[in-house]
Amino acid sequence: MSSYNKRSNKILGNVIAISIVDAFTSLICGSTVFSVLGYIAKTQSKSVDDVIESGPGLIFMVLPEAIRNMTLSPLWGILFFTMIFMLGIDSQFTMVETVVTTIEDEFHMKVKKYFKKREILVLIVCVFTFFFSLPNICPGGIYYFTIVDFFSAGVSLFYIAFFEIIAIVWIYGANRLAKNVFLMTGSKPAKYFIVCWYVISPLFITIIWLFNWIRYEPIKYGSYEFPAGAQIFGWCIALVSILAVPLGAIHTYVKSPGKTVAEKFFTSLKPTILDIDQAPNEYITNKVGNRADFIKRNDTLAEIVEF
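Residues numbered from 1 in each chain as written. Predicted model: local features only at pLDDT ≥ 70, side-chain atom pairs only at ≥ 80, totals over all residues. Heavy atoms only, no water.

Further remarks concern the overall build of the protein. For the protein, the count of helices and strands is 13 helices and two strands. Across the 307 residues of the protein, 22% fall into the buried class. Of all intrachain contacts in the protein linking residues separated by at least 6 positions in sequence, the fraction that spans at least 24 positions is 56%. Summed over all atoms, the accessible surface of the protein reaches about 21800 Å², with 69% contributed by carbon and sulfur. (Helix = DSSP H or I, 4+ residues; strand = E, 2+ residues; numbered from the N terminus. Buried < 20%, exposed > 50% of the residue type's maximum accessible area, 1.4 Å probe, protein only. Contact = heavy atoms within 4.5 Å. Areas by Shrake-Rupley, 256 points an atom, 1.4 Å probe, with all protein chains shown as cover.)

See the structure below:
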């Protein structure tokens, strides 16, 4: 939730810390899970493939089975499920804040008009999502969960990530983004990050995306194959986020000025945010020796530092 950071917040340290913590967490979790699976497979005289379960079955069936055989198993069970609860609450904070911040940024005046306090908007979002989540606890909830999990995270996630990079890095421009970072923090991103934005990230996302499509199989839960109606329902869930990209592009094209199709198209690709190099003279400061100190002294102002 970068919008909550201070204007001069040094983002490089946050990025490196998050990357390192995320990588080590993945390694620790992977080591823990596969050691547990190996233990269960040995005790049951089975291969690891026969005891592997992904999704909620791993959390609520496989791992608790290993905890049950530990010394002081009640203590480890309490700690384990407390951790799961905290992770769930943490994820909900992120998801709810993402939705609420998006609504506030897009409909700022209407939100101020109809919701006197921000907490009311948060409550409405929570209640709305709560009712949409109720099918998960019904007798067939695991099937509903599997469909939503597969199509919302597995199908549309890389699609959205790919076009986010295209829009921000190739259309808005990585160099322009680097200038924005410089304006806020007083230091420019290293060339390494610009190369990652332009080439490495889109390439990796495209490769992973293609492999997912090559290995695509109709959704299943264990040995149960979902009927065609359930598959269509899942694709409708995925299209809610997928269609936002072409519909947004069409809306921008229609609203863009221009007399010809080509003129409207190229106009729609131009960023609407004023570029630093094109800013009016009254908004441009003179070059300064220590830009970081300058920005700290003018943290609440909107000066644009000349490169």
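Alright, that's what it looks like, and here's the rest.
A few words on the packing of helix α7 (residues 141–155) against helix α10 (residues 228–242). For the pair α7 and α10, the least separation of the axes is 9 Å and the interaxial angle reads 40°. It follows that α7 is oblique to α10 by the angle criterion. Where α7 crosses over α10, the handedness of that crossing is right-handed. Judged by residue contacts, Y144, I147, V148, F151, S152 and V155 of α7 engage A230, Q231, F233, G234, W235, I237, A238 and I242 from α10. Broken down by class, the residue content of the contact of α7 with α10 amounts to eleven nonpolar, three polar and no charged. (Axes fitted to C-alpha atoms, helices over the stretch in contact; angles between N-to-C directions. Parallel < 35°, antiparallel > 145°, perpendicular 65-115°, else oblique. Left-handed = near helix turned anticlockwise from the far one by under 90°. Nonpolar A, V, L, I, M, F, W, Y, C, P; charged D, E, K, R; others polar.)

Tracing the chain through its elements places S268 in helix α12 (residues 261–268). In contact with S268, other than residues within four places in its own chain, are T252, Y253 and S256.

In this section: the layout of surface pockets. By volume, the largest pocket is sized at about 2800 Å³. Taken together, 45 residues line the largest pocket, and the ones lying closest to its centre are Q92, M95, S133, V148 and S152. For the lining of the largest pocket, the secondary-structure elements that each account for two or more residues are α3 (56–68), α4 (73–106), α6 (118–133), α7, α8 (157–185) and α10. In terms of residues, the lining of the largest pocket owes the most to one element, α4, which gives 15 residues. (1 Å grid on protein atoms, 1.4 Å probe; cavity = no way out; pocket = protein on both sides within 12 Å on 5 of 7 lines; lining within 4 Å. Points joined across faces, edges and corners; volume = space filled by probe spheres on them.)

This part takes up α4. If you check α4, its first and last C-alpha atoms are 49 Å apart, about what 34 residues at 1.5 Å a residue would give, namely 50 Å. Taken together, the buried positions of α4 are G77, F80, V96, V100, T101 and E104. (Expected span 1.5 Å × (residues − 1).)

To continue, consider a nonpolar patch on the surface. On the surface, V195, V199, I200, L203, F204, I207, L210, F211 and I214 cluster together to form a nonpolar patch covering roughly 850 Å² of accessible area. Among the residues examined, L203 registers a relative accessible area of 44% and is labelled partly exposed. (Patch = residues over 30% accessible without salt bridge, like charges linked within 9 Å, V, L, I, M, F, W, Y side chains within 5 Å. Salt bridge = Lys/Arg side-chain N within 4 Å of Asp/Glu carboxyl O.)

Glancing now at the pattern of salt bridges. The final tally for this structure, using the stated rule, is three salt bridges. Residues R118 and E97 are paired through a salt bridge, measuring 2.8 Å at the closest nitrogen-oxygen approach. Of the two residues, R118 sits in helix α6 while E97 sits in helix α4, which places them 21 residues apart along the sequence. In this structure, E104 engages R118 in a salt bridge whose closest nitrogen and oxygen atoms are separated by 3.0 Å. A residue pair is termed long-range when its members are at least 10 positions apart, and E104 in helix α4 and R118 in helix α6 qualify at 14 residues. Among the charged side chains, a salt-bridge network with shared partners connects E97, E104 and R118.

A few words now on the environment of V62. With respect to the helices and strands, V62 occurs in helix α3. Sequence separation between V62 and L37 is 25 residues, and the spatial gap between their C-alpha atoms is 7.6 Å.

A word on the nonpolar core. The biggest cluster of nonpolar side chains holds 18 residues, and the ones touching the most others in it are I147 and F151. Among the secondary structure elements, those contributing two or more residues to this core are α7, α8, α9 (191–214) and α10. Considering each element in turn, this core owes the most residues, seven residues, to α8. Those residues in contact with I147 that sit more than four places away from it in its chain are I219, F226, A230, F233, G234 and I237. (Core = buried A, V, L, I, M, F, W, Y, C linked by side-chain atoms within 4.5 Å.)

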